[in-house]
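Structural overview for review
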Amino acid sequence: MSLSKLSQKCFSRHHARTFIRFSSSDFQSLLGPPRVPNPYADSGRNKFAAPIVPINHGNVFASIKVPINETPEAVAFKPEVEEAPRVEKVEVEATKIETEKVASSPAPATPPSAIDELNSLKDSLSKLEEAAASKTSAPSGSSGDNNDQPGNAEEVEARRKRMERNTRIGGYVLLGGSVIGFISFCFYYGRAQRDEAGNVIADEFSGSFLAPFYRIANSFKLWKDYVVEPAREQLLPDPLPAPYLQPKYTIVIELKNILVHPEWTYKTGYRFLKRPALDYFLDVIGYPNFEVVIYSSESMMTAAPVVDSFDPKQRIMYKLFRDCTKYMNGHHVKDLSKLNRDLSKVIYIDFDAKSGQLNPENMLRVPEWRGNMDDTSLVDLAELLKTIHLSDAEDVRPMLQYYSQYDDPAKEFRRRAVYLAQQEEQKKQQPDDSSMLKRYSGRLFGFRRHASA
C-alpha cells in the first residue's frame, strides 16, 4: 500500500472519531437534557459487543456469538492496522516504510480474497460447533455413569417396589368400593314396594334373603321385554259380538312397499307414493268382506297419517305399528299369535320373509313394490283374496302355502284363472255327441237311472 493511501485512510478515521466525539458530547437539545442516559457515556461498557453470526446447517439456521475482533474482516485488516504508523509520524517514517516494503517483497502483497475470508469463517464456526457439542455431551455421559452406580440402581428398584405396592393397594380399594356400591345399590333399589299406609307389599320374592337381587334382575328383564317384546300381550280386541258383523277372515298387511312407497326428492321432499289400484283393492277386501289390519314396522308418527290419508272411508279396521312388533336379530318381526284371532283364518301379506318368520304358514309373500306407476298387481291380488273369501274355507293356510311357492302369487293366480276360463270356453264350443241312452232319464226297476239334467 502506498504512503499516500495509508495516510489518507488514517486521517479519515481520525477525523471520523473526532466528529463522533464532538457530536456525542457537545450537542445540546432545545427541550432540555435527555431523560434517558446515553449508553456511550459509560466508560465500562464493552464497545465491541459480539455480533450474531448465522450458521447454515442445511435447512436449519443457528446463531453463534463471535467476538468482533475475531471476525474475518478484523483478521484481514489487522496486519494493515499494526503496520500503519501513527498520524504524527507519517511524514517522518513514510520513506522508510516504503523502502522496507519494496526491499522485503518484490511484488506487492495482495489483499485476502472473498473465498479466503469464507474459508476462515467456516473454520472458526466449525471449531465453535465442536466446542458446543463437547459441552452438551459431557453432562449426559456423566449422568449415564451415575445411573450405573450401585446406589442409583437400589433407588430405582425401591421406587419400582413402592409403585407396585401402591398399585396393588389402589386395585384392592377400587374392587372393594365397587362391591360395596353394588350391594348398596341392590338393597336400595331392590327393596319391596310399600302401599300408601307404609305396609310392605308381598311379591314372589318375599321371604328370600336374596330378594333384593332377584328384584333387580327382574327389573332388567322387564326393561328388556319393553324393548324387544310387543307393547301388549293382546294386540287386537275381542271379535265383535252379535248382532254386529264380524268378518270370517282377517287380512294382516304390511304398509311400506306393499300399499305405498317412500320417496325423497329435492323438489318434493319426503313423501309416500300411492300404489295404483289401491282404492279398488281396499273396496274389494274392506269391511265387511275381510277384517283388514295394517301391521307395519314403521313408527306410528310416520305411518298413521299416511293410512288416514288414503283410507278416508275407514275400510281398515285396526292399525298396528313398530311398537307392536318383536325385535329379533336386528329385525322387527310380526307375531301373529298375539292378534287374538284364529290363525287358521288369518292371511298375512308381506314381501319380507323375516317379518313373518314366526308364522310362515300364514304368510302370502308378494313382490316388493318400488314405485312403478304401471303396476297392476293389486288388482290380481284382490281377485285372489276374493276367491278365498268365496271358497268359505275353514283353514286358509294350505292355499297360502301353495301360492307362496311362486315368486308372484297374484300373477300365478291370474294365469290359472285365464287357463280355466279358456277350458270352459272350449267345452261350450264343442257339440254334444252323447247317445240317447245317456240322456234317458226315466225309471227302471223302481229307481231313477240318471240324475235329471
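Source: prediction; values computed, not measured. (Residues numbered from 1 in each chain as written. Predicted model: local features only at pLDDT ≥ 70, side-chain atom pairs only at ≥ 80, totals over all residues. Heavy atoms only, no water.)

Helices and strands together make up the secondary structure of the chain, namely 12 helices and 13 strands. Considering only contacts within the chain whose residues lie at least 6 apart along the sequence, 64% involve residues at least 24 apart. When the accessible surface of the chain is summed, it comes to about 32600 Å², and 58% of that surface belongs to carbon and sulfur atoms. (Helix = DSSP H or I, 4+ residues; strand = E, 2+ residues; numbered from the N terminus. Contact = heavy atoms within 4.5 Å. Areas by Shrake-Rupley, 256 points an atom, 1.4 Å probe, with all protein chains shown as cover.)

This paragraph deals with the sheet that holds strand β10 (residues 346-350). Strands in a sheet are paired, the pairing made by backbone hydrogen bonds, and the direction either parallel or antiparallel. Strand order in the open sheet formed by 5 strands is β7-β6-β3-β10-β11, and the pairing between neighbours is parallel. One side of each edge strand has no neighbouring strand; the edge strands of this open sheet are β7 (318-320) and β11 (363-365). Direction aside, neighbouring strands of the sheet carry axes that sit 25 degrees apart on average. The strands touched by helix α10 (residues 397-404) within the sheet are β10 and β11, with β11 carrying the most contacts at an inclination of about 25 degrees. (Pairing = 2+ DSSP bridges. Axes fitted to C-alpha atoms, helices over the stretch in contact; angles between N-to-C directions.)

Before going further, it helps to examine the UniProt feature "transmembrane region" (unreviewed entry) in the chain. Under the present numbering, the feature "transmembrane region" (unreviewed entry) in UniProt falls on residues 169-190. Segment residues 169-190 splits into 95% helix and 0% strand. End C-alpha atoms: 31 Å apart. (UniProt positions renumbered as here; feature names shortened; annotations may be inferred.)

Turning to empty space enclosed by the protein, a few remarks are in order. All told, the structure shown has 2 cavities of 30 Å³ or more when counted by the stated rule. Its volume calculated, the largest cavity comes out at about 60 Å³. Forming the boundary of the largest cavity are Ile258, Arg275, Val366, Pro367, Ser377, Leu378, Leu381, Asp408 and Ala410. Top element by residues in the lining of the largest cavity is helix α9 (residues 377-391). It accounts for 3 residues. Each residue belonging to the lining of the largest cavity can be placed in one class, and the counts come to 6 nonpolar, 1 polar and 2 charged. (1 Å grid on protein atoms, 1.4 Å probe; cavity = no way out; pocket = protein on both sides within 12 Å on 5 of 7 lines; lining within 4 Å. Points joined across faces, edges and corners; volume = space filled by probe spheres on them. Nonpolar A, V, L, I, M, F, W, Y, C, P; charged D, E, K, R; others polar.)

With 18 residues, helix α6 (residues 211-228) extends 25 Å between its outermost C-alpha atoms, agreeing within 8% with the 26 Å of an ideal straight helix rising 1.5 Å per residue. Restricting attention to buried positions, one finds in α6 the residues Ala211, Pro212, Arg215, Ile216 and Val228. (Expected span 1.5 Å × (residues − 1). Buried < 20%, exposed > 50% of the residue type's maximum accessible area, 1.4 Å probe, protein only.)

One can find Gln401 in helix α10. With 37 residues separating them in the primary sequence, Gln401 and Leu364 have C-alpha atoms 7.4 Å apart.

With that settled, the discussion passes to unusual backbone geometry. Along the chain, Ala242 connects to Pro243 via a cis peptide bond; the corresponding omega equals 10 degrees. Within the secondary structure, Pro243 sits in the loop between α6 and β3 (250-253). The linkage connecting Tyr287 with the following residue, Pro288, adopts the cis geometry, with an omega of 15 degrees. Positionally, Pro288 belongs in the loop between α7 (278-285) and β6 (291-295). Of note in this structure, Ala277 is not a glycine but carries a positive phi near 65 degrees.

Taken residue by residue, a regular strand's side chains alternate between the two faces of the sheet. As judged from the 6 bridges shared by strand β4 (residues 260-265) and strand β5 (residues 269-274), these two strands associate in the antiparallel manner. Bridge pairing links His261 to Leu273 in β5. The hairpin turn running from β4 into β5, its antiparallel successor, is 3 residues long.

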